[in-house]
Every structure is written in C-alpha cells, then in structure tokens.
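# Summary of the model geometry
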Amino acid sequence: QVQLVESGGGLVQPGESLRLSCAASVIRVSTYGMNWYRQAPGNEREWAAGISSGGSTKYADSVKGRFTISRDNTKNTVYLQMNSLKPEDTAVYYCNAWRSAGSQYWGQGTQVVVSS
C-alpha cells in the first residue's frame, strides 16, 4: 500500500523557518511528480510547489523565493524548506505524488502555524 507520510510541521513565529518532509513507501519519488499543497482554514486546497521526475521545480507565486522543494532519492523523501514564513502560510500541508489521473496519492497532512 502506497504511503506518503509528512512530518516537520509546527508552530513558528513570522520570519522563522521550517522544513517539511514527505517519506514515501512503495512508490519511488524519483519516478513521480511530487508536489506540496496546502489548505488554510476555510480555503480550498492550493498547490504550493512541485518537482518533476526530471528534477525541475516550480512554485506558486505566493511562495516563490521563500520555499524550496527538493528530494533525496536515496531516502525516498521529498522536502519543503520554508523560509521567511508569514502568518498567511498557516495551513495544513499535504504531500502529493502524481503520475497520471489514475495514479495519484496523498499524505495525511502536517499542520503549520505561523503566529507571534
């Protein structure tokens, strides 16, 4: 059974950093497009960052320049380094693995709260 397990969330102050991890089992993160989505209270889930199987990265405008997505193929893990966090980054962050509409998986989410 495919599992994506996120970790690394928590409570931080504005301007601080967090690194989220997404550990995958069964699938290889190097063969999927891996993404981070987030969902703030009362909002729809939105895409934040992605890394293709080829290694190219893309970011939503709201996080560009502050967040960095990466992966470690030996650990079969994807990361999201989040710097200069803002209160509006508060959300549940979800890891997503996508290959096709019929081959997509989600993690359970990890909470990030940015507050002073």
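The preceding data block contains the structure.
The sections below set out a description of the structure shown in this document. (Residues numbered from 1 in each chain as written. Predicted model: local features only at pLDDT ≥ 70, side-chain atom pairs only at ≥ 80, totals over all residues. Heavy atoms only, no water.)

### Describing the packing of aromatic side chains
Short version of the rule: Pairs were defined over the aromatic rings of Phe, Tyr and Trp, the Trp ring being its six-membered one, requiring ring centres within 6.5 Å. Orientation was assigned from the angle between planes: stacked under 30 degrees, edge-to-face over 60, tilted for the rest. Only DSSP runs of H or I reaching four residues or more are called helices, and only runs of E reaching two or more are called strands; each is numbered from the N terminus. The rule is simple: take the accessible area with a 1.4 Å probe, protein chains only, and divide by the maximum for that residue type; under 20% is buried, over 50% is exposed, in between is partly exposed. Geometrically, a charge over a ring is one whose NZ (Lys) or CZ (Arg) sits within 6 Å of the ring centre while staying within 35 degrees of the ring normal.
Throughout the structure, instances matching the rule amount to 2 aromatic pairs. Ring plane angle 55 degrees and centroid distance 6.2 Å describe the contact between Tyr-32 and Tyr-105, whose orientation is recorded as tilted. Of this pair, Tyr-32 sits in the loop between β3 (18–25) and β4 (33–39) while Tyr-105 is found in strand β10 (residues 103–106), placing the two residues 73 residues apart along the sequence. On the basis of relative accessible area, Tyr-32 is assigned to the buried category, the value being 5%. Accessibility expressed as a relative area gives 27% for Tyr-105, which makes it partly exposed. Positioned above the aromatic ring of Tyr-94, the side-chain terminus of Arg-45 is 3.7 Å from the ring centre. Just above the ring of Trp-106 sits the side chain of Arg-45; from NZ or CZ to the centre is 4.7 Å.

### Some details on the state of the cysteines
Note on terminology: disulfide describes a covalent bond linking the sulfur atoms of two cysteines. Note the cut-off: The criterion for a disulfide is a pair of cysteine sulfur atoms lying within 2.5 Å.
Scanning all chains against the criterion turns up 1 disulfide. Paired by a disulfide, Cys-22 and Cys-95 hold their sulfur atoms 2.1 Å apart. A torsion of -80 degrees about the S-S bond marks the disulfide between Cys-22 and Cys-95 as left-handed. Note that Cys-22 is positioned in strand β3 and Cys-95 in strand β9 (residues 91–100), a separation of 73 residues in sequence. The pair formed by Cys-22 and Cys-95 is uniform in burial state, with each residue classed as buried.

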